[in-house]
Amino acid sequence: MPLHSLVSVEKKGLRLDDEVHFIRSWFEKPLATGAVMPSGRVLARTMARYVDPTVSGPVIELGPGTGPVTEALVKQGVDPARLVLVEFNPVFCRLLRSRYPAATVVQGDAYRLRRLMENLVREPAAAVVSGLPLVTKPLRTRLRLMSDALGLLAPGAPFVQFTYAMVPPIPKALSGVRAEASELIWMNLPPARVWVYRGS
Ligand SMILES: C[S@@+](CC[C@H](N)C(=O)[O-])C[C@H]1O[C@@H](n2cnc3c(N)ncnc32)[C@H](O)[C@@H]1O
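A short tour of the structure in this document, coming up. Since the model is a prediction, treat every value here as computed from it, not as a measurement.

Some points on the pairing of strand S2 (residues 83-87)
So, point 1. Buried residues dominate S2, accounting for five of its five residues.
So, point 2. Across the two faces of S2 the burial is the same, with Leu83, Leu85 and Glu87 and Val84 and Val86 all buried.
So, point 3. Of the strand pairs in this sheet, strand S1 (residues 59-62) and S2 are connected by four bridges, and their pairing is parallel. Within the sheet, the bridge partner assigned to isoleucine 60 lies in S2 and is valine 84.
So, point 4. In terms of strand pairing, S2 meets strand S3 (residues 104-107) through four bridges, oriented parallel. The residue bridging valine 86 from the neighbouring strand is valine 106, located in S3.

As structure tokens, this is what we get:
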């Protein structure tokens, strides 16, 4: 493909390099990567819409990958300096650091969230936005992650999670937690849904 075509593809928001990085990561670690392709723009935008950029505090993103949701958060009005990006894959971390130099990129295991954020997040977070392949984990690990996330969030602030599954990634009937779901997003491959959990 000639260079000018690559540039126009980049302008349309489709970063071919990102897809190559992503597919490679999926081949190496399919369960941890959790998807063959990065999320599409409609899914990323739907996730970002649950984040109110006027609410102060850090916005923590778990499993940002090559950053499609990160980009949607910035477009939504979140200052990149407020972003704390927790990613396992060192290649994705390098990419995110070069693309969002003002953000804090933490290379680590998001399922150890409380410990990872201990000395990093000092005020209640405005949102936790997760692209982790949560359903590959046992329920108790998912519940611990959400409990850690709710512990970091300001009261009523959202824990946003997408899933390709037909069932909620975390049960919706938990005491002290309100859950809501988006419509199924058919414009994503595969179709996905966004779930939002808030402490009440
Ligand atoms: C399904 S991909 C989503 C990537 C991106 N958010 C998107 O929407 O395209 C899952 C991402 O979570 C990362 N990941 C998986 N397990 C992780 C963990 N325990 N801690 C941090 N990141 C993890 C993977 O490396 C991958 O980037």
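Having seen the structure, we can now continue with the description.
Overview of the environment of tyrosine 50
So, point 1. The residue tyrosine 50 is located in the loop between helix H4 (41-49) and S1 in this model.
So, point 2. The class of tyrosine 50 is partly exposed, set by 19 C-beta atoms lying within 10 Å.
So, point 3. Counting along the chain gives 127 residues from tyrosine 50 to valine 177, while the straight-line C-alpha distance between them is 16 Å.
So, point 4. Residues within four places of tyrosine 50 in sequence aside, it is in contact with Pro158, Val160 and Val196.

Focus on the environment of proline 168
So, point 1. Relative to the elements of secondary structure, proline 168 occurs in the loop between strand S5 (158-163) and strand S6 (177-181).
So, point 2. For the pair proline 168 and leucine 31, spaced 137 residues apart in sequence, the C-alpha separation works out to 19 Å.
So, point 3. If sequence neighbours within four positions are ignored, proline 168 has contacts with Ala179 and Trp195.

Reading the values: rules and limits
- Residues numbered from 1 in each chain as written.
- Predicted model: local features only at pLDDT ≥ 70, side-chain atom pairs only at ≥ 80, totals over all residues.
- Buried ≥ 20, exposed ≤ 12 C-beta atoms within 10 Å, placed from the backbone.
- Helix = DSSP H or I, 4+ residues; strand = E, 2+ residues; numbered from the N terminus.
- Pairing = 2+ DSSP bridges.
- Contact = placed C-beta atoms within 7 Å.

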